Amino acid sequence: MSDSITRHVSHCILCGKCLQVCPLLRATGREELGPRSKSDLCRVLAEDPDKLSETDAAKLAGLCLGCGRCREVCSQGQDVPGLVAALRAAHPNFKSWLWKTWLTRARQLWSPSAKAAGLVPERFRTERLGPMLKMLAGMTGGPGLDPFLTPKTFPDTHRGEKLLLFAGCTANYVQGRWLMAALRLLDGLGAEVLPGDFVCCGSGLKGAGFADESAAMAERNVAVWRKAGRPRITVFCASCLAGLRAYDRFESAAEAAQWADSLLPLSVAVRGIEFMISDNVPERLGYHHPCHAGADDPDRDFLREVLGDRLVRATDEQCCGFGGVMRLAAPGLTEPVNRQCWDALTGADVVLSGCSACLAQLSATAPENVEVGHWLETIR
């Protein structure tokens, strides 16, 4: 068993907190899929690597959504997503290679793949492949939501401030309207957006077991920040923000603290803007809380402040079921997780979120007549 797996193994006191928060266990009722089972098995493997075959180890590595909820509540500091990532690194397979290729070649693959998926005839869209094809086809960008929020007055809180904008892969390569909306808001706030050649945040690769590739991306992004003079970085994807917060590629503890302080959710930056709500606002709005947003979700706070009681549904404990590489490794297990998410959002005509991965999953699985979009799409 690799040293990276052994480092993540810690003593479990059987408190059961992780079982209470695991979306996969909640949706399937199968305790063998829960975080404690993965932790126990990895502890056994750390002592006797021959207990599990290569095939079984690779299968185990695929059965985790990577939401991180168990890590947040563990009193012993157990990092099950870290265990799973180390297992995936030790036992790579074709699906993990495919996921790596999809993320590292986003610029070349995403748009052509979306167009190809849209051409697949309906009769070839099987029950299992249908949502995946719909997800791919949706990555062409599409018309988006009908905006219903118009900025009325802007505060001076960021006037003259130099900022970097970390848009993320989805906004850069597929959903350009998110990027344009963010730039318009920052311009209204009077901020100066500096040029910054960021690459992918690397969190999707890290969770899939490609630690070296993820680290290289982190080093590149930190170097961009240093070159710009270490300004604040505004971010509008919850998963990207979580990935950036997890960076450890710094020259000192002081620089690490400065990096952490520099990360600014766009929904926090725009909190002082006064918005006018148009007549076309949907009657029933829902909000999906991304797992990686943690307990303190600034996007949710912003929408509640602006929309008030128009926000009639919201998720909290429910995961969208995307799960990164698990979407390829075990799509059948992600489906009940996704169904529980939609159960919590029943009654909403439009569902908003601030995570690009969650939005891809929700757009592909949305019930008929329910629209899904980033909260930036609501702003004219």
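These figures come from a predicted structure and were not determined experimentally.

Caption draft 1: Structural view of the nonpolar core. Judged by nonpolar contacts, the single largest core of 64 residues is most densely connected at Phe236, Leu266, Leu307 and Leu376. The biggest single contributor to this core is helix H12 (residues 176-188), with six residues.

Caption draft 2: Quick peek at the packing of helix H20 (residues 331-344) against helix H21 (residues 356-365). The contact between H20 and H21 brings their axes to 11 Å, and the two run at 85 degrees. Here H21 runs roughly perpendicular to H20, going by the angle between their axes. Of the residues in H21, those touching H20 at Asn338, Cys341 and Trp342 are Gln361, Leu362 and Thr365. The residue inventory of the contact of H20 with H21, partitioned by class, reads three nonpolar, three polar and no charged.

Caption draft 3: Structural context of the sheet that holds strand E3 (residues 192-193). Pairing in this open sheet of four strands is parallel, and the strands run E3-E2-E4-E5 from one edge to the other. In the strand order of this sheet, the two ends are held by E3 and strand E5 (263-265), each with one partner. By the bridge criterion, four bridges tie strand E2 (residues 162-166) to strand E4 (residues 232-235) in an arrangement that is parallel. Opposite Leu163, over in E4, you have Arg232 as the bridge partner. This element, helix H16 (residues 253-262), spans E4 and E5 of the sheet and lies at about 15 degrees to E5.

Caption draft 4: Local environment of helix H4 (residues 35-47). In a regular helix each residue adds 1.5 Å, so 13 residues correspond to 18 Å; H4 covers 19 Å between its end C-alpha atoms and thus fits that length. For H4, the complete set of buried residues consists of Pro35, Arg36, Lys38, Ser39, Cys42 and Leu45.

Caption draft 5: Representation of the packing of aromatic side chains in the model. Considering all chains together, one arrives at eight aromatic pairs under this definition. For the pair Phe166 and Phe198, a centre-to-centre distance of 5.1 Å together with 55 degrees between the ring planes defines the contact as tilted. Taken together, the positions of Phe166 in strand E2 and Phe198 in the loop between E3 and helix H13 (203-207) put the pair 32 residues apart, joining distant regions of the chain. Each member of the pair, Phe166 as well as Phe198, is classed as buried. Ring plane angle 85 degrees and centroid distance 5.1 Å describe the contact between Trp225 and Trp259, whose orientation is recorded as edge-to-face. Taken together, the positions of Trp225 in helix H14 (residues 211-227) and Trp259 in helix H16 put the pair 34 residues apart, joining distant regions of the chain.

Caption draft 6: Fine view of the environment of Trp97. The topology assignment puts Trp97 in helix H8 (residues 94-104). The spacing of Trp97 and Val325 is 228 residues in sequence and 9.6 Å in space, taken between C-alpha atoms.

Caption draft 7: Broad picture of the side chain of Glu255. Structurally, Glu255 can be placed in helix H16. Residue class for Glu255 comes out buried when judged on its relative accessible area of 4%. One polar contact links Glu255 to Arg226, side chain to side chain, over a distance of 2.7 Å. Apart from the residues within four sequence positions on either side, Glu255 is in contact with Trp225, Arg226, Arg230 and Phe250.

Caption draft 8: Inspection of the packing of H14 against H16 at higher detail. Where H14 contacts H16, the two axes come as close as 12 Å, and the packing angle between them is 85 degrees. As judged from the angle between their axes, H14 and H16 are roughly perpendicular. Together, Asn221, Val222, Trp225 and Arg226 of H14 and Glu255, Gln258, Trp259 and Ser262 of H16 make up the contact between the two elements. Counted by class, the contact of H14 with H16 contains three nonpolar, three polar and two charged residues.

Caption draft 9: Focus on a nonpolar patch on the surface. A grouping of Phe94, Trp97 and Leu98 is seen on the molecular surface, where their side chains present a nonpolar patch of about 340 Å² in accessible area. Summarising the element assignment, Phe94 is placed in helix H8. What makes Phe94 exposed here is its relative accessible area of 56%.

Caption draft 10: A look at the sheet that holds strand E9 (residues 350-353). Taken in spatial order, the four strands make up an open sheet running E8-E7-E9-E10, and their pairing is parallel. Edge strands, defined here as strands with exactly one partner in the open sheet, are strand E8 (311-314) and strand E10 (371-374). When strand polarity is set aside, the average angle formed by the axes of neighbouring strands in this sheet is 30 degrees. Pairing geometry for strand E7 (residues 285-287) and E9, over three bridges, is parallel. Its bridge partner lying in E9, Gly286 is registered against Val351. Strands E9 and E10 of the sheet are contacted by H21, whose axis makes an angle of about 170 degrees with E10.

Caption draft 11: Region of interest: the environment of Arg88. Note that Arg88 resides in helix H7 (residues 80-90). Overall, Arg88 belongs to the buried group, its relative accessible area being 10%. When the C-alpha atoms of Arg88 and Lys59 are compared, they prove to be 9.1 Å apart, with 29 residues separating the residues in sequence.

Caption draft 12: Structural detail: the pattern of salt bridges. One pass over the structure, following the stated rule, counts 18 salt bridges. The salt bridge involving Asp156 is made with Arg159; its shortest N-O contact spans 3.0 Å. Glu219 is the salt-bridge partner of Arg249, the closest N and O atoms lying 2.7 Å from each other. Of this pair, Arg249 sits in the loop between helix H15 (238-245) and H16 while Glu219 sits in helix H14, placing them 30 residues apart in sequence. A residue is classified by how much of its surface remains accessible, and Arg249, at 32% relative accessible area, is partly exposed. Overall, the relative accessible area of 40% leaves Glu219 in the partly exposed class. Through salt bridges that share partners, Arg226, Arg230, Glu251 and Glu255 make up one connected network.

Reading the values: the criteria
- Residues numbered from 1 in each chain as written.
- Predicted model: local features only at pLDDT ≥ 70, side-chain atom pairs only at ≥ 80, totals over all residues.
- Heavy atoms only, no water.
- Core = buried A, V, L, I, M, F, W, Y, C linked by side-chain atoms within 4.5 Å.
- Buried < 20%, exposed > 50% of the residue type's maximum accessible area, 1.4 Å probe, protein only.
- Helix = DSSP H or I, 4+ residues; strand = E, 2+ residues; numbered from the N terminus.
- Axes fitted to C-alpha atoms, helices over the stretch in contact; angles between N-to-C directions.
- Parallel < 35°, antiparallel > 145°, perpendicular 65-115°, else oblique.
- Contact = heavy atoms within 4.5 Å.
- Nonpolar A, V, L, I, M, F, W, Y, C, P; charged D, E, K, R; others polar.
- Pairing = 2+ DSSP bridges.
- Expected span 1.5 Å × (residues − 1).
- Phe/Tyr/Trp six-rings, centres within 6.5 Å; stacked < 30°, edge-to-face > 60°.
- Polar contact = N/O pair within 3.5 Å; in protein donor to acceptor, adjacent residues only side chain to side chain.
- Patch = residues over 30% accessible without salt bridge, like charges linked within 9 Å, V, L, I, M, F, W, Y side chains within 5 Å.
- Areas by Shrake-Rupley, 256 points an atom, 1.4 Å probe, with all protein chains shown as cover.
- Salt bridge = Lys/Arg side-chain N within 4 Å of Asp/Glu carboxyl O.

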